[in-house]
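Each chain, written out:
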Amino acid sequence: MTQIEQTARARKTLKLLGNPAAPAPATGLSRETVEALVAAAGWAPFHRPAHRAREGTDPVVEPWRFTMLDAPGCRALLPRLSEIPKPPGKIADMLAVADALILVTWLPEPSEESWQATDFNMEHIAAGSAAIQTLLLAATERGIGNYWSSGGCLGTTEAFALLGIDPTDILLGAIFLFPDPPANAEAVPGKMREKRSHPGAWSRWVTPT
Ligand SMILES: Cc1cc2nc3c(=O)[nH]c(=O)nc-3n(C[C@H](O)[C@H](O)[C@H](O)COP(=O)(O)O)c2cc1C
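Residues numbered from 1 in each chain as written. Predicted model: local features only at pLDDT ≥ 70, side-chain atom pairs only at ≥ 80, totals over all residues. Heavy atoms only, no water.

**Focus: helix α6 (residues 115-141)**
Given 3.6 residues per helical turn, the α-helix brings residues three or four places apart onto the same face. This is how it is decided: For the purposes of this entry, the term helix denotes a DSSP run of H or I that reaches at least four residues, the term strand denotes a run of E that reaches at least two, and both are numbered from the N terminus. Every helix has an expected span of 1.5 Å times one less than the residues it contains.
With 27 residues, α6 extends 39 Å between its outermost C-alpha atoms, agreeing within 8% with the 39 Å of an ideal straight helix rising 1.5 Å per residue. With its phi angle positive at about 75°, G143 sits one or two positions after the end of α6.

Structure (structure tokens):
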């Protein structure tokens, strides 16, 4: 088995739930390491420049944006969650123990009405998802526990305003990076982890006749 095949199998959801009333100290995951993971993510394929680049309002062509919080940033966000109308649920428990949170947003086309906008949006989401998976694989290879959450309250306009994220972006994933081993935190696996089918159940060869 190749290295990437081993890493793909080893990647797994790790949700660590801490105590928002007694947040955990940071364990020393450096900004440089997070930036290395983000740089790896940036090698994901993407097909179309984001509309802002096509229009000339933003020179950055990638259809994704990464907004990063280190451990102090995660802890600082905890008391600010009360400013977000959507209930935080487990997001607060994870912010209490995470070493980093990376909010990955994608840049939708301004209009959904044309076939082009629909096609481009599908490609933007696909590209952003590939970037996230690359980040998760890079984290896995470094032994950093990771979790791709849809983000709940972090995808709201109030959360975006708090973190300076463009209000037209859409949250694709809230990626939590966790210390390993867990310190005074409950570890929860992904609920679909053990439900995987054999590849033969969802893949097939075809030969047109
Ligand atoms: C787009 C996306 C969104 C996800 N959002 C959530 C979420 O909000 N809550 C959650 O518990 N797990 C979420 N997950 C993680 C999945 O539950 C997890 O990947 C699945 O259970 C398989 O487990 P594994 O990652 O260990 O293989 C999400 C995964 C993806 C790809």
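**Thoughts on the side chain of T7**
Counted only if it meets this: Note on contacts: a residue pair qualifies if any of its non-hydrogen atoms lie within 4.5 Å across the two residues.
Along the chain, the position of T7 falls in helix α1 (residues 3-10). In this structure, T7 is in contact with L137, T140 and E141, ignoring residues within four places of it in sequence.

**Examining helix α2 (residues 31-41)**
Worth spelling out the cut-off: Throughout, exposure labels follow a simple rule: accessible area from a 1.4 Å probe, protein chains only, divided by the maximum for the residue type, with under 20% read as buried, over 50% as exposed, and the rest as partly exposed. The arc refers to the directions leading from the helix axis to the C-beta atoms.
T33, V34, L37, V38 and A41 are the residues of α2 that are buried. Down the axis of α2, the buried set is contained in an arc of 140°. They therefore lie on one face. For α2, the elements touching its buried residues are β2 (64-70), β3 (100-106), α6 and β5 (170-178).

**Describing the packing of aromatic side chains**
What counts, and what does not: Within 6.5 Å between ring centres, the rings of Phe, Tyr and Trp (the latter by its six-membered ring) count as paired, and their orientation is classed by plane angle as stacked under 30 degrees, edge-to-face over 60, tilted in between.
For the structure on display, the rule yields three aromatic pairs. Centre to centre, the rings of Y147 and F176 are 6.1 Å apart; their planes meet at 15°, and the pair counts as stacked. Separated by 29 residues along the polypeptide, Y147 in strand β4 (residues 145-149) and F176 in strand β5 bring together distant segments of the chain. Per residue, the accessibility class of Y147 equals that of F176, and both read buried.

**Looking at the pairing of β3**
Heads up, the rule is: Pairing between strands requires that DSSP locate at least two bridges from one strand to the other.
For β3, the buried fraction is high: seven of the seven residues fall into the buried class. A two-sided burial pattern is seen for β3, the buried positions comprising A100, I102, V104 and W106 on one face and L101, L103 and T105 on the other. Bridge count between β3 and β5: seven bridges; the pairing is antiparallel. The residue of β5 that forms the bridge with W106 is I170.

**Remarks on the environment of A100**
Tracing the backbone through its elements, the reader meets A100 in strand β3. Overall, the relative accessible area of 0% leaves A100 in the buried class. For A100, the residues in contact, after removing those within four places along its chain, are L29, V34, L69, D70, C74, I175, F176 and L177.

Honestly, that's just the spatial picture; any functional story needs more than this.
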